[in-house]
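What follows is each chain in one-letter form.
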There are 4 protein chains.
Amino acid sequence: MKNTFGSSVCLTIFGESHGPAIGAVLDGLCAGLPVDEAFIARQMDKRRARGDGLSTGRTEADQVRLLSGVLNGRTTGTAIALMIENKAQRSGDYAKTQDLLRPGHADFTAYAKYGGWQDSRGGGHFSGRITAPLVAAGAICQQVLAAKGITIATHIRAAAGVEDLPFAADEPALLARQAAAVSAASPEQLALIDPAREESMRAAIRAAGAEGDSVGGILETAVLGLPAGVGEPFFDSVESVLSHLLFSIPAVKGVEFGLGFGFAGLRGSQANDPFRMEAGRVVTATNHNGGVNGGIANGMPLVFRTAVKPTPSIYKPQQTVDYVAKRDAQLQIQGRHDPCIVHRAAVVQTCAAALGLLDLLTTCEGTRSQKED
Amino acid sequence: MKNTFGSSVCLTIFGESHGPAIGAVLDGLCAGLPVDEAFIARQMDKRRARGDGLSTGRTEADQVRLLSGVLNGRTTGTAIALMIENKAQRSGDYAKTQDLLRPGHADFTAYAKYGGWQDSRGGGHFSGRITAPLVAAGAICQQVLAAKGITIATHIRAAAGVEDLPFAADEPALLARQAAAVSAASPEQLALIDPAREESMRAAIRAAGAEGDSVGGILETAVLGLPAGVGEPFFDSVESVLSHLLFSIPAVKGVEFGLGFGFAGLRGSQANDPFRMEAGRVVTATNHNGGVNGGIANGMPLVFRTAVKPTPSIYKPQQTVDYVAKRDAQLQIQGRHDPCIVHRAAVVQTCAAALGLLDLLTTCEGTRSQKED
Amino acid sequence: MKNTFGSSVCLTIFGESHGPAIGAVLDGLCAGLPVDEAFIARQMDKRRARGDGLSTGRTEADQVRLLSGVLNGRTTGTAIALMIENKAQRSGDYAKTQDLLRPGHADFTAYAKYGGWQDSRGGGHFSGRITAPLVAAGAICQQVLAAKGITIATHIRAAAGVEDLPFAADEPALLARQAAAVSAASPEQLALIDPAREESMRAAIRAAGAEGDSVGGILETAVLGLPAGVGEPFFDSVESVLSHLLFSIPAVKGVEFGLGFGFAGLRGSQANDPFRMEAGRVVTATNHNGGVNGGIANGMPLVFRTAVKPTPSIYKPQQTVDYVAKRDAQLQIQGRHDPCIVHRAAVVQTCAAALGLLDLLTTCEGTRSQKED
Amino acid sequence: MKNTFGSSVCLTIFGESHGPAIGAVLDGLCAGLPVDEAFIARQMDKRRARGDGLSTGRTEADQVRLLSGVLNGRTTGTAIALMIENKAQRSGDYAKTQDLLRPGHADFTAYAKYGGWQDSRGGGHFSGRITAPLVAAGAICQQVLAAKGITIATHIRAAAGVEDLPFAADEPALLARQAAAVSAASPEQLALIDPAREESMRAAIRAAGAEGDSVGGILETAVLGLPAGVGEPFFDSVESVLSHLLFSIPAVKGVEFGLGFGFAGLRGSQANDPFRMEAGRVVTATNHNGGVNGGIANGMPLVFRTAVKPTPSIYKPQQTVDYVAKRDAQLQIQGRHDPCIVHRAAVVQTCAAALGLLDLLTTCEGTRSQKED
């Protein structure tokens with residue numbers, strides 16, 4: 001199933017960058033759950049380009065229209081369809097260079113896959129724009145999780161070479177404060193634990209943009225309140241399901257949980273998280289495993305990071321191929337592009353995680369174990 | 001769907017470490033494909049513990065019995081069930097410490113999930129032993145892929161702090177020689193590009209084991225011959241599907257494609273892979289993206305790495321919790337354990353990748369585009 | 001997955017009768033397939049109420065808007081989203097009786113399932129209106145099948161006690177002529193093999209409507225050109241997949257293939273279809289099995305029938321329950337209803353079959369057997 | 001997914017009639033549910049051929065071996081694999097006639113689908129023998145349902161032209177007694193409401209068998225205790241999911257719920273089931289809809305019937321085709337065959353229904369509606 005994700009809570013995504021509309025169908029939610037459209041709009045606003053030198057000049061209102069499944073601010077139990085009209089298409093920008101494959105983009109692979117029938121205007125289905133319905137649907141999932149005491153926060157761990165403080169995975173109380181601060185950031189702000197670093201990060205991104213170049217970064221997410229026991233053994237582990245979603249986000253090239261690649265150089269005695277009792281609950285003294293043991297949530301904060309590659313659309317001249325003429329060519333990209341998408345992708349990562357966790361949680365609730373005799 | 005993976009080619013895995021048998025059902029293969037049981041046995045042998053100081057003393061013959069779907073060395077088109085009897089169970093080893101949660105293991109999360117009803121003997125369903133049927137099924141997938149000219153090789157990029165040479169992602173011809181050499185390694189050898197490093201790697205692993213400790217590492221995989229166009233947009237990207245499988249392998253805590261986390265500090269002009277024509281084919285001059293653009297294979301070698309954490313079972317005393325008494329306790333692990341599983345996991349990674357890629361390839365073949373008019 | 005059907009070609013349906021819009025997402029089609037919007041409109045027209053005494057006075061234009069996945073009259077290979085705005089809602093008609101459960105309808109079961117949160121206006125998600133996006137999507141599937149030489153025709157085998165001639169399942173040439181004639185019927189006509197019976201069928205339906213009552217009937221479908229070998233063994237047999245879809249259509253209460261329930265009283269010697277060679281092809285001398293053996297298409301015409309119950313909305317007073325007051329009550333239905341839906345459901349059945357068969361065919365093409373050596 | 005059924009509770013079936021073993025993997029059950037192997041054995045016994053003139057002389061012990069997922073008589077929460085060794089294969093019986101397509105069987109369609117690679121010994125994967133693991137898995141599902149107060153009973157409504165009394169769908173108390181009596185029938189008895197008809201039914205079957213012929217029949221199932229609200233709207237209605245499974249059973253050619261095809265000739269005023277309050281519960285005065293409204297269970301007994309065609313294997317000479325020589329031929333079937341499979345299929349139908357209903361119920365429990373404010 002190509003554009004559908006999920007076992008219990010399913011999301012189907014559709015649309016092309018310059019088509020009439022993009023959207024999604026979210027299915028499998030209980031009836032009676034509150035859906036606050038203002039919250040959805042606020043999450044959409046965090047993903048929106050602001051024309052502030054950090055992101056593309058294509059600024060879409062991205063108004064989300066709920067077509068079904070919600071009545072009087074509550075889920076009805078049936079599929080929630082949502083739609084976002086495309087308004088600011090300027091396909092003309094792409095016409096001059098449309099046969100030239102943009103390096104780092106899906107132009108060539110779309111040709112290879114769809115044989116020339118794909119809608120290639122503005123990247124078509126491969127545009128970062130397709131993350132907009134994921135955010136809208138994930139915003140609904142976030143609300144459902146929040147009602148169960150589960151919150152998710154993503155900050156820019158690094159961008160353009162400027163680092164933020166890391167999430168304090170081993171100190172749940174501090175981590176909770178960090179997460180709350182990050183979530184409270186306004187759509188105009190960069191989501192950082194240490195706001196003092198915002199200006200230097202902005203400056204570094206703008207500097208690259210000024211050179212016609214782009215930058216990458218790292219996004220770090222913390223999930224608080226996830227109950228122990230969520231996740232399925234083997235194929236549908238928490239890590240499997242989340243990474244599946246995270247790698248769906250354009251530009252994500254790496255995913256790690258807890259210490260991640262840092263585990264490679266450690267010994268077991270350094271890596272293991274000792275258990276201890278705390279207020280009648282089993283907790284771990286450290287949280288190197290990022291809240292997951294054997295693929296199942298252990299009740300500690302979930303912590304993971306993604307590597308986001310630099311936006312492939314740059315204004316520097318690039319060597320490429322004219323796909324129609326089948327010969328080497330030079331490309332000078334036109335149009336409106338982001339020198340950095342890391343900051344816009346933060347809310348996408350939060351929303352993708354919300355979808356994945358709600359799916360796993362719902363599966364879990366359908367198969368609650370019998371009480372021991 | 002908890003223990004089933006796949007859209008077009010599906011694998012269902014079952015079994016517990018100390019139950020009567022473990023196994024799998026592989027469904028969705030064409031009829032008439034050759035299945036060589038000797039090749040399966042050889043792959044199983046690569047995963048087998050050898051009692052050589054690098055892995056557990058539990059040495060299972062791991063004989064794979066094909067129950068259905070194969071006749072006279074060919075697939076029949078129906079589901080292939082395979083079974084491996086468990087023979088060397090020594091559940092007694094676990095009895096003394098069964099209420100003590102082993103740090104880094106799924107003991108606690110299995111309790112949280114299954115309420116005490118789980119089969120916890122030897123780790124039950126969470127044992128690394130459950131990767132044996134994945135290897136058997138993946139070995140069949142490897143044969144199907146090989147018949148289409150697609151080969152997969154995994155080497156130990158690092159273990160116990162000792163590094164191997166990296167795969168030469170940017171140089172397909174050299175990479176092909178490296179991959180061939182790695183695949184040709186005997187089950188007794190470590191899968192390394194540079195065999196000269198084998199002894200120091202063995203020594204480093206044994207040294208940790210001698211201290212009752214364990215080590216982690218990094219596995220790197222290259223896939224050659226994958227045609228451009230394989231993979232689905234958004235949710236079922238090559239990266240999404242492979243990471244889903246890779247994170248299913250116990251102890252994997254990170255996955256990255258191409259430069260992976262190395263992308264975070266680069267600029268677009270450094271990260272993009274320029275296209276060029278080569279012998280009438282579109283290729284990229286570098287391969288930073290590890291063979292994937294926009295989630296779809298671009299025809300260059302696929303290259304990815306996983307972070308494997310140190311085996312959690314160590315002989316050093318550890319702080320933990322007695323789950324029944326609900327109090328802190330000290331654990332001294334008994335039984336037979338691996339000081340390192342990185343080398344045994346290499347073939348698991350190859351086989352997981354084979355399954356994922358065959359699934360994507362089969363989906364692709366069912367929806368081949370119409371010829372352009 | 002609640003509102004998604006399919007393995008290889010998937011359809012997700014959404015919407016409520018009185019919500020802003022209904023629609024569907026159709027995924028899994030190849031790129032480059034022709035999509036004729038005029039053909040879709042014509043199929044929609046066949047499902048449309050005409051206010052002619054045979055169907056409800058709610059006449060919707062049912063204009064299908066394609067939001068994605070189609071460009072310049074061809075599929076792009078990505079998900080096709082389509083939307084139909086609801087325009088002629090008159091929710092006021094339902095307000096007076098909204099606590100009174102309509103017998104034969106889903107009012108009570110929706111309450112039981114959704115706890116009162118459902119959108120109950122006009123039947124909500126359980127309205128026959130939800131078949132409109134199925135027709136739109138199925139019309140696309142019909143075009144894809146037609147390009148492969150597979151055609152589907154449904155006629156009204158019986159309605160209001162008036163019978164049409166049966167499809168000549170045993171005589172492929174005659175059946176082909178019958179099917180062509182039925183498919184050529186205009187949207188204003190009843191789909192009948194024998195047009196001479198149209199007037200008496202209309203009269204019988206109108207007579208029931210005039211009494212404030214409704215009628216049921218039988219729909220019979222023939223599929224021509226389906227290649228032998230389509231269908232999966234056991235769970236996804238042709239009969240399983242088609243019946244799954246057919247029973248999704250509101251009011252369908254029975255499905256039978258070939259002789260169906262007529263098999264119960266026969267002996268094997270009467271029931272079996274002897275094979276014979278005809279122009280180098282294996283055919284059956286009779287077609288009692290309706291084109292399916294062992295769940296797989298045998299290359300003969302596929303023939304099946306559904307039982308459609310009388311529209312539950314009748315104007316005669318009915319005994320029921322006031323669900324809010326929890327007491328017995330009498331119901332006098334208001335609003336605009338169909339005395340018969342059999343004739344409108346004919347195209348729905350054709351379109352449902354088109355979806356199911358295209359899904360099976362696509363699965364089949366992905367796993368074409370190897371040539372025999 | 002070709003041999004897997006289910007959304008929340010999934011069953012994968014494997015095996016060939018003359019291969020080493022047949023079996024199944026049942027996944028998605030809660031941990032801690034009691035599994036009584038004696039009950040499974042008893043259900044298997046009901047499906048077993050007895051060599052009593054009513055069924056084939058191939059009598060298999062059909063001992064079910066549980067390989068995983070059950071420990072100390074309880075589910076562990078992980079996948080339950082079960083295996084039945086094939087012991088009484090006599091492939092030689094088939095050798096003489098193996099190129100001659102048996103009318104009514106899957107011989108030809110298996111060729112068409114698998115291109116000659118299929119295991120055709122004894123019907124291979126298309127043998128009725130493949131229903132044995134379905135019974136074993138369904139027996140586990142039955143136990144889970146029984147613990148929730150849901151029971152299922154199937155009787156032979158008709159066989160060889162001899163009818164049993166019908167289930168009293170409109171009278172729940174009487175129906176409950178009928179269902180209990182039918183379920184209590186020993187494996188040696190025919191499952192009939194009226195035991196006085198057993199001898200004439202046996203005689204009629206034996207008479208057909210004596211002539212080298214076979215007979216068909218009708219199976220009727222009642223489900224008691226299914227709560228209102230189970231089932232999903234549109235695609236996964238109770239009728240859709242059950243019919244999908246029922247048509248998977250070899251020889252089933254028709255499925256109807258409630259009055260089924262009897263609805264076709266009725267008016268809405270005759271067909272609708274009026275609601276009324278009874279002991280504080282909403283019930284229907286009649287049960288023409290067989291316990292389903294709008295695809296969702298309404299709390300009344302579920303009642304459905306299947307048409308079972310006569311066993312295609314008969315000893316009378318039949319016209320057919322030699323598939324290898326590609327010419328017309330005459331077939332004289334050898335081997336051991338059932339003159340009637342209706343009575344053996346009764347428990348298969350019960351078990352299929354148990355699987356389908358448990359799947360729907362589990363989906364339902366994962367998405368329980370919020371309480372109304």
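Everything quoted here is computed from the prediction, not taken from an experiment. (Residues numbered from 1 in each chain as written. Chains lettered and ligands numbered in written order. Predicted model: local features only at pLDDT ≥ 70, side-chain atom pairs only at ≥ 80, totals over all residues. Heavy atoms only, no water.)

**What about the overall build of chain A?**
Working step 1: Regarding its fold elements, chain A presents 9 helices and 18 strands.
Working step 2: Computed over the C-alpha atoms, the radius of gyration of chain A is 21 Å, within 12% of the 21 Å expected from 2.2 N^0.38 for a compact globule of 373 residues.
Working step 3: By its C-alpha atoms, chain A is 70 × 45 × 35 Å across when sized along the principal axes.
Working step 4: Across the 373 residues in chain A, those meeting the buried criterion constitute 69%.
Working step 5: For chain A, the computed accessible surface area is about 11,200 Å², with 51% contributed by carbon and sulfur atoms.
Working step 6: Across chain A, the 35 positively charged side chains and the 37 negatively charged ones have centroids separated by 4 Å. (Helix = DSSP H or I, 4+ residues; strand = E, 2+ residues; numbered from the N terminus. Rg over C-alpha atoms; globule rule 2.2 N^0.38 Å. Buried < 20%, exposed > 50% of the residue type's maximum accessible area, 1.4 Å probe, protein only. Areas by Shrake-Rupley, 256 points an atom, 1.4 Å probe, with all protein chains shown as cover. Lys, Arg positive; Asp, Glu negative; His and termini not counted. Charge placed at Lys NZ, Arg CZ, Asp CG, Glu CD.)

**A short note on the interface of chain D and chain C**
Working step 1: If you look at the interface, chain D gives 108 residues, while chain C gives 108 residues.
Working step 2: Of the roughly 8,500 Å² buried between chain D and chain C, counting both surfaces, carbon and sulfur atoms make up 62%.
Working step 3: Among the residues chain D hides against chain C, the three largest losses belong to Phe-234, Phe-235 and Lys-253 of chain D. Together they make up 11% of the total.
Working step 4: At the boundary of chain D and chain C, one finds 6 salt bridges.
Working step 5: Notably, a salt bridge pairs Glu-239 of chain D with Lys-253 of chain C, separated by 2.8 Å at the nearest N-O pair. (Contact = heavy atoms within 4.5 Å. Buried area = accessible area lost by both parts, 1.4 Å probe. Salt bridge = Lys/Arg side-chain N within 4 Å of Asp/Glu carboxyl O.)

**A closer look at the pairing of strand β18 (residues 327-331) of chain C**
Residue and element names in this part refer to chain C.
Working step 1: Two strands pair when backbone bridges link them, and strand β17 (residues 318-322) and β18 are joined in this way by 5 bridges, in the antiparallel orientation. Residue pairing across strands places Gln-318 opposite Leu-331, the latter belonging to β18.
Working step 2: As consecutive antiparallel partners, β17 and β18 are separated by 4 residues, and within that stretch Lys-326 has a phi angle of approximately 55°, a positive value. (Pairing = 2+ DSSP bridges.)

**Some words on the interface of chain D and chain A**
Working step 1: Contacts between chain D and chain A engage 16 residues on the former and 16 residues on the latter.
Working step 2: In total, about 1,200 Å² of surface goes out of reach between chain D and chain A, with carbon and sulfur atoms giving 54% of it.
Working step 3: For the pair chain D and chain A, the interface holds 0 salt bridges.
Working step 4: The interface formed by chain D and chain A includes 0 residue pairs in polar contact (both at pLDDT 80 or more).
Working step 5: Here the element with the most residues in the side of chain D that touches chain A is helix α9 (residues 342-366) of chain D; it accounts for 3 residues.
Working step 6: In terms of residue class, the side of chain D that touches chain A is built from 4 nonpolar, 8 polar and 4 charged. (Polar contact = N/O pair within 3.5 Å; in protein donor to acceptor, adjacent residues only side chain to side chain. Nonpolar A, V, L, I, M, F, W, Y, C, P; charged D, E, K, R; others polar.)

**Considering the relation of the copies chain D and chain A**
Working step 1: Here chain D sits on chain A after a turn of 180° about the axis and a move of 0.0 Å along it, with an RMSD of 0.0 Å. This pairing of chains is accounted for by a two-fold axis. Using C-alpha coordinates, one finds that chain D approaches the rotation axis most closely at Gly-366 of chain D, a distance of 1.8 Å.
Working step 2: Taken together, the interface assignments show that 100% of the residues at the interface of chain D recur at the interface of chain A, consistent with an identical surface on both copies. (Least-squares fit on C-alpha atoms with pLDDT ≥ 70 in both.)

**Regarding the confidence of the model for chain A**
Working step 1: For chain A, the average pLDDT comes to 93, and 95% of its residues sit at 70 or higher.
Working step 2: Predicted as a complex, the structure gets a pTM of 0.96 and an ipTM equal to 0.96. (pLDDT = per-residue confidence, 0-100.)

**Description of the relation of the copies chain D and chain C**
Each of the two chain copies can be brought onto the other by rotation about an axis and movement along it.
Working step 1: By a simple turn and slide, chain D fits onto chain C: the slide is 0.0 Å along the axis, the RMSD is 0.0 Å, and the turn is 180°.
Working step 2: Looking at chain D, 100% of its interface residues are interface residues in chain C too, so the copies touch through the same face.

**Remarks on the pattern of salt bridges**
Working step 1: For the structure on display, the rule yields 81 salt bridges over all chains.
Working step 2: Residues participating in the shared-partner salt-bridge network are Asp-45, Arg-48, Arg-50 and Glu-188 of chain A.

**Side note on the environment of Gly-299 of chain D**
Residues and elements named next belong to chain D.
Working step 1: By secondary structure assignment, the location of Gly-299 is in the loop between β15 (296-297) and β16 (302-308).
Working step 2: Spatially, the C-alpha atom of Gly-299 lies 8.6 Å from that of Leu-224, the residues being 75 residues apart in sequence.
Working step 3: The contact partners of Gly-299, leaving out residues within four places of it in the chain, are Leu-226, Pro-227, Ala-228 and Arg-281.

**Points about helix α5 (residues 172-184) of chain D**
Residues and elements named next belong to chain D.
Working step 1: Along its 13 residues, α5 runs 18 Å from first to last C-alpha, staying within 8% of the 18 Å computed at 1.5 Å per residue.
Working step 2: Of all the residues in α5, the buried ones are Leu-175, Gln-178, Ala-179 and Val-182. Along the axis of α5, the buried positions cluster into a sector of 100°, meaning they face one direction only. Facing away from the buried surface of α5 by more than 90 degrees, the exposed residues are Ala-173, Arg-177 and Ala-184.
Working step 3: In this fold, the buried residues of α5 make contact with β8 (151-159), β10 (217-224) and β16. (Expected span 1.5 Å × (residues − 1). Arc of directions from axis to C-beta.)

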